[in-house]
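In case you want the letters, here they are:
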Amino acid sequence: MRNTAEDGPKRAVRATLVKVLLHRRTDRGMTLLEWASRCVRRGEVHELVVTDQWDPRPGARIDRVGFLGFAEMECGGVVDRGDSLSIDGTEHGTVLGFDGCHLPNHYNILIHAPHLLTGASLGLSPELPVTFRQGPADEPA
């Protein structure tokens with residue numbers, strides 16, 4: 001969910017899947033970064049990682065993960081916690097946050113979903129379109 005007191009509308013961030021990953025782990029030990037949003041640049045490649053854990057606290061340990069693949073950003077933009085991730089037009093989850101263990105090479109963009117997904121379980125292939133769309137607004141108080 002986005003904070004409407006701070007966040008205005010934004011464009012979707014479009015990307016292309018460039019490598020499919022097939023595995024999952026239950027002991028990965030990723031660490032959620034403190035930032036709820038990250039800017040991405042056209043041409044950057046970032047890893048898409050699904051988790052069934054929802055703990056948005058900075059420093060939260062994320063162990064249960066499934067790896068979807070790597071995506072090349074087609075346009076610059078902002079990816080925020082709460083944005084939806086779709087691949088080839090099908091929504092697969094919501095951005096939880098970011099892990100920076102591979103920086104400066106790439107971010108792990110952590111996607112929350114009810115079940116662990118992998119590139120294999122979804123039948124993904126290179127060149128599929130990937131889209132991050134702005135999540136729903138918070139409910140008014």
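Residues numbered from 1 in each chain as written. Predicted model: local features only at pLDDT ≥ 70, side-chain atom pairs only at ≥ 80, totals over all residues. Heavy atoms only, no water.

A. The arrangement of the overall build of the chain in detail. Each helix and strand counted, the chain has 0 helices and 12 strands in total. In the chain, the succession of helices and strands from N to C terminus is β-β-β-β-β-β-β-β-β-β-β-β. Taking 141 residues into account, the globule formula puts the C-alpha radius of gyration at 14 Å, and the chain, at 14 Å, falls close to it. C-alpha atoms of the chain, sized along the principal axes, occupy 40 × 30 × 30 Å. Across the 141 residues of the chain, 48% fall into the buried class. For the chain, long-range pairs separated by at least 24 residues make up 78% of all intrachain contacts whose partners lie at least 6 apart in sequence. Of the accessible surface of the chain, which amounts to about 7300 Å², a share of 49% is contributed by carbon and sulfur atoms. Counting 16 positive and 19 negative side-chain charges, the chain places the averaged centre of each group 3 Å from the other. (Helix = DSSP H or I, 4+ residues; strand = E, 2+ residues; numbered from the N terminus. Rg over C-alpha atoms; globule rule 2.2 N^0.38 Å. Buried < 20%, exposed > 50% of the residue type's maximum accessible area, 1.4 Å probe, protein only. Contact = heavy atoms within 4.5 Å. Areas by Shrake-Rupley, 256 points an atom, 1.4 Å probe, with all protein chains shown as cover. Lys, Arg positive; Asp, Glu negative; His and termini not counted. Charge placed at Lys NZ, Arg CZ, Asp CG, Glu CD.)

B. Highlighting the nonpolar core. In terms of nonpolar packing, the biggest core is built from 25 residues, with Leu48, Leu68, Leu85, Ile109, Val130 and Phe132 touching the most fellow members. Within the residue set of this core, elements represented by two or more residues are β1 (13-20), β5 (45-51), β7 (65-73), β9 (84-87), β10 (90-99), β11 (108-112) and β12 (129-133). For this core, the element with the most residues is β1, which contributes 4 residues. With sequence-adjacent residues up to four places away left out, valine 130 is seen in contact with Val13, Arg14, Ala15, Thr16, Leu17, Leu48, Ala71, Leu85, Ser86 and Ile87. Formed by 11 residues, the second largest nonpolar core is a distinct cluster that contains Met30, Ala60, Phe70 and Leu110. (Core = buried A, V, L, I, M, F, W, Y, C linked by side-chain atoms within 4.5 Å.)

C. Focus on the pattern of salt bridges. Counting across every chain of the model gives 7 salt bridges. Between arginine 64 and aspartate 52 there is a salt bridge whose closest N-O contact spans 2.8 Å. One end of the pair, arginine 64, is in the loop between β6 (61-62) and β7; the other, aspartate 52, is in the loop between β5 and β6, and 12 residues separate them in sequence. You can call aspartate 52 partly exposed: its relative accessible area is 26%. With its nearest N and O atoms 2.5 Å apart, the salt bridge here joins aspartate 55 to arginine 57. Counted as one network, the salt bridges with shared partners bring together Lys10, Asp80 and Asp83. (Salt bridge = Lys/Arg side-chain N within 4 Å of Asp/Glu carboxyl O.)

D. Expanded view of the pairing of β9. The two faces of β9 match: Ser84 and Ser86 on one face and Leu85 and Ile87 on the other face are all buried. Two elements, β9 and β10, share 4 bridges in a ladder whose sense is antiparallel. Paired with serine 84 across the strands is threonine 94, a residue of β10. Between β9 and β10, which pair antiparallel in sequence order, lie 2 residues; one of them, aspartate 88, sits at a positive phi of approximately 55 degrees. Alignment of β9 against β12, held across 4 bridges, turns out to be antiparallel. Paired with serine 86 across the two strands is threonine 131, which belongs to β12. (Pairing = 2+ DSSP bridges.)

E. Fine view of the environment of threonine 16. Of note, threonine 16 is situated in strand β1. Overall, the relative accessible area of 11% leaves threonine 16 in the buried class. Separated by 72 residues in the primary sequence, threonine 16 and aspartate 88 have C-alpha atoms spaced 9.4 Å apart. Apart from residues no more than four positions distant in its own chain, threonine 16 is found in contact with Phe70, Ala71, Glu72, Glu74, Glu127, Leu128 and Val130.

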